[in-house]
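Summary of structural features
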Amino acid sequence: MGRPRTAWQSAHGCGTARPARKPVFARLLHCVAALRVRAVLGRGPVAFPRRPPRRPGPGVIEGKEEDMKLDFIDVDHLSIAATNMRGKGKDPDVSDLLPSVRARGVLVPLLVRPNCSEGRYEIVAGRRRFTAVNAVAREGGAVKPIPCAILDEGDDADALEASMLENLARVRPDEVSQWEAFVALVKSGRSVDDVADTFGFEPSAVKRILALGNLLPRIRTLYRRGEIEPATVRHLTLASKSQQKAWLALFDSEDGYCPTGHQLKAWLFGGNAIAVKHALFDVAGAKLAIVSDLFGEDSYFADSDAFWSEQMAAIEARKAAYLEAGWSDVVVMERGDWFQSWDFVHASKRKGGRIYVDVRDSGEVSFHEGYVTTKEAKRLSGGGEEGGGDAIAAKPARPEVSGPLNAYIDLHRHAAVRADLASHGGVALRAMLAHVIAGADLWRVDIESQRAPKEDIAESVETCPAETAFDIKRRAVLAVLGFDEDTPTVTGRPLHRPPFAPLFARLLELPDPVVLEIVAIVMGETLAAGSEAVEMIGLHLGTDMRQHWQADAAFFDQLRDREVLLAITGEVVGTEVAAANAGEKAKTLKAIIADSLAGANGRTKAEPWVPRWMTFPPTAYTARGGVGSVKGAARVAFDLSASAAAVPAEQESEPAADETPLAA
């Protein structure tokens, strides 16, 4: 049975094609110049051809064109349409538009269509311009009616297309917003190729964006907010719904490990993800289940056991072909073992060379042709031709001392040096410091990375007064040691460690006070954030956070608990104010606290304040727990009390007047 005739074909003949429609956004651009002319001449609404004239047919009057009307519409008669790509979430940033809108108003028309109310319209494209006009109105500026191009009522596909095109031409929307628009267009009858042609995308790029539909709604929301990285989202598009739910449970867990990035891919595939490109067999003929990664060029096998069954059969077939070609042997190495070329020497097929097959856990297979072991090469070189490819180097000279004798010498010299070092604390301190900085021999000390979960937190730490003060002292130490002042740390990093000997020699030249300043900087760089060491050192030094910290935007962004916010309001502003605002939202409470700390908006400036969690020792606002600093302080207090209880009574007595050193 043939395809049914459409209404257009019924009216104009089966072979007649429907005339192509001019894209809405292109029609809108043609309207802009004329609307500006109309503003100068003072004429009424302007109408422009919306579509090319069609041949007469059912419901079409010959000679009449469908028009797109342009007019100026008051701001209070406009609202954001649900089809607008930027219709969701908070108002967009319009700082780049405001100067122009203040000076000359809106120059490019908004694309609107009538809504259910008489004389009112909803904005399909142009939310940023609309937001800028409202911002000018809130500032008290004069706001004129906005130029608008009016679409037909209810044309959702055209509305979505226009909104998408406009946003792509200006500030690129996030991938989730693109997905929402693309899905709506596909549902309205657009094919993937149509969407790609309209917006200038490759079809594969449209498919990648549509792949976000495989995600649970909450994952898309987290991605839109920036709480999940793009690499993690792309791997989650390969996951089943049950795997996504399991991953979200790990994401919400405070104690569990949540895999991200490439670790997530390994977690999804139960180990290494095996790419289809590594298959030696006919993938189409094997009919194995394959998961396509639309964000990359690779596809992956869903069943690794089935892959290895086919892959090993293909390797055996290759082995048989090599043997038939005259090679003496084909050695298939254990999976995961690497072919270590330094243990082998090239040898021709005539001289007994073998094929070594290197099989990686990733599924990749390498065939190393024409090799023998070094031991076999020595035997072969004895009778080989002069200058042949299989010749080996001459036997090295016998060393002066054997390995065991070298160990004997090293151990006795070590014992003698540390016996002398035990009486020279200053030298030992300098040697210890050089070991930490240079990472020499048995020492391995890591630098605190100060890694933050969010960019605004990282910026807050980098620019705080405490970090600035520490960096000034660190630069002074770098200069004393002769290091580049732009080096990020005094403590060496892997592949960037100074040699031990010259560093130790420099430390021996420096006086004790300077060495102790270097020790303090190195200790600070290697002090783990959130550790008991931070707690204990802060208690001993009496660290006052008010001298090093002030509440900033990043701090308030993380505050979301109303019970805690009310308690903080009581601390900063007073219990009466807190009680009076007990029913307010978190946003209002934050504003009260911030205004009081800054002395803004008519509020009296409060005394320098630090939340209880950040003091030394820290405390909590509620009994619900979950405060890391409070937990750490509790562990320190417990360890100290247990240690004090274990001290024998005789050790607590006053020391004798003739007290001697530890070792007389």
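Everything numeric here is computed off the predicted structure, so don't read it as measured data. (Residues numbered from 1 in each chain as written. Predicted model: local features only at pLDDT ≥ 70, side-chain atom pairs only at ≥ 80, totals over all residues. Heavy atoms only, no water.)

The helix and strand inventory of the protein chain stands at 27 helices and 12 strands. Burial statistics for the protein chain: of 664 residues in total, 33% are counted as buried. Considering only contacts in the protein chain between residues 6 or more positions apart, those separated by 24 or more positions represent 64%. Accessible surface, the protein chain as shown: approximately 40400 Å² in total, 54% of it carbon and sulfur. (Helix = DSSP H or I, 4+ residues; strand = E, 2+ residues; numbered from the N terminus. Buried < 20%, exposed > 50% of the residue type's maximum accessible area, 1.4 Å probe, protein only. Contact = heavy atoms within 4.5 Å. Areas by Shrake-Rupley, 256 points an atom, 1.4 Å probe, with all protein chains shown as cover.)

A separate point is the pattern of salt bridges. Where charged atoms of side chains with opposite charge meet at close range, the side chains can pair. A full pass over the atoms with the stated rule returns 16 salt bridges. Put simply, arginine 113 and glutamate 122 hold a salt bridge, and the shortest N to O gap is 2.7 Å. Across the pair, exposure class does not vary: arginine 113 and glutamate 122 are buried alike. Across the salt bridge formed by arginine 506 and glutamate 509, the nearest N and O atoms sit 3.1 Å from each other. Here glutamate 509 and arginine 506 lie together in helix α20 (residues 500-509), a separation of three residues that amounts to about one turn. When its relative accessible area of 57% is taken as the criterion, glutamate 509 is described as exposed. Salt bridges here are not isolated pairs; linked through shared partners, they connect Asp471, Arg474, Arg475, Asp486 and Glu525. (Salt bridge = Lys/Arg side-chain N within 4 Å of Asp/Glu carboxyl O.)

Attention now goes to helix α27 (residues 628-646). Counted at 1.5 Å a residue, the expected span for α27 with its 19 residues is 27 Å, and the 27 Å between its end C-alpha atoms agrees. Residues of α27 that are buried: Gly632, Ala633 and Val636. For α27, the angular spread of the buried residues around the axis is 100 degrees, confining them to a single face. Of the exposed residues in α27, those oriented more than 90 degrees away from the buried face are Phe638, Ala645 and Ala646. Buried residues along α27 sit against α22 (532-541). (Expected span 1.5 Å × (residues − 1). Arc of directions from axis to C-beta.)

Looking now at the pairing of strand β4 (residues 110-114). Of all five residues that make up β4, four are buried, and the element is covered over most of its length. In this sheet, strand β6 (residues 146-150) lies alongside β4 in parallel orientation, the contact comprising three bridges. Bridge pairing in β6 links leucine 110 to cysteine 148. Where β4 meets strand β5 (residues 121-125), four bridges bridge the pair, whose relative direction is antiparallel. By the bridge assignment, proline 114 is partnered in β5 with tyrosine 121. (Pairing = 2+ DSSP bridges.)

This part covers the sheet that holds strand β12 (residues 365-373). In spatial order, the strands read β9-β11-β12-β10; together these four strands make up an open sheet with mixed pairing. Each edge of the sheet is formed by a strand with only one pairing partner; in this case those strands are β9 (330-332) and β10 (344-346). Going from strand to strand, the sheet's axes swing by 45 degrees on average, the running direction of each strand aside. When strand β11 (residues 354-359) meets β12, the two strands line up antiparallel, connected through six bridges. (Axes fitted to C-alpha atoms, helices over the stretch in contact; angles between N-to-C directions.)

This part covers the side chain of histidine 278. In this structure, histidine 278 sits in the loop between α12 (261-268) and α13 (283-286). Its relative accessible area of 17% is what places histidine 278 among the buried residues. Here histidine 278 is in contact with Gln311, Ser362, Gly363 and Glu364, once residues within four sequence places are set aside.

It is worth spelling out the nonpolar core at this point. One finds Ile219 and Trp247 to be the most contacted residues of the largest nonpolar core, which totals 23 residues. Contributing elements (two or more residues each) for this core: α6 (175-187), α7 (192-199), α8 (203-210), α9 (217-225), α10 (230-236), α11 (241-252) and α12. With four residues, the top contributor of residues to this core is α6. Ignoring sequence-local partners within four residues, the contact set of tryptophan 247 consists of Ile228, Thr232, Leu236, Cys258, Pro259, Leu264 and Trp267. (Core = buried A, V, L, I, M, F, W, Y, C linked by side-chain atoms within 4.5 Å.)

Turning our attention to the pairing of β6. With five of five residues buried, β6 lies mostly within the body of the structure. A two-sided burial pattern is seen for β6, the buried positions comprising Ile146, Cys148 and Ile150 on one face and Pro147 and Ala149 on the other.

Bringing the packing of aromatic side chains into the picture now. Here the structure, examined in full by the defined rule, presents 16 aromatic pairs. Judged by centre distance (5.5 Å) and plane angle (65 degrees), the ring pair of phenylalanine 555 and phenylalanine 556 falls under edge-to-face. Looking at phenylalanine 556, the relative accessible area reads 12%, which means it is buried. Among the aromatic side chains, those forming a connected cluster through ring pairs are Phe281, Phe301, Phe307 and Trp308. Against the face of tryptophan 308 rests arginine 335, its NZ or CZ located 3.9 Å from the ring centre. (Phe/Tyr/Trp six-rings, centres within 6.5 Å; stacked < 30°, edge-to-face > 60°. Lys NZ or Arg CZ within 6 Å of the ring centre and 35° of its normal.)

Another aspect to go through is the packing of α11 against α12. At a closest axis distance of 12 Å, the pairing of α11 and α12 adopts a crossing angle of 130 degrees. Between α11 and α12, the angle is such that the two are oblique. Relative to α12, the crossing made by α11 is right-handed. Counting all contacts with α11, which are made through Gln243, Ala246, Trp247 and Leu250, the residues of α12 involved are Leu264, Trp267 and Leu268. In terms of residue class, the contact of α11 with α12 is built from six nonpolar, one polar and no charged. (Parallel < 35°, antiparallel > 145°, perpendicular 65-115°, else oblique. Left-handed = near helix turned anticlockwise from the far one by under 90°. Nonpolar A, V, L, I, M, F, W, Y, C, P; charged D, E, K, R; others polar.)

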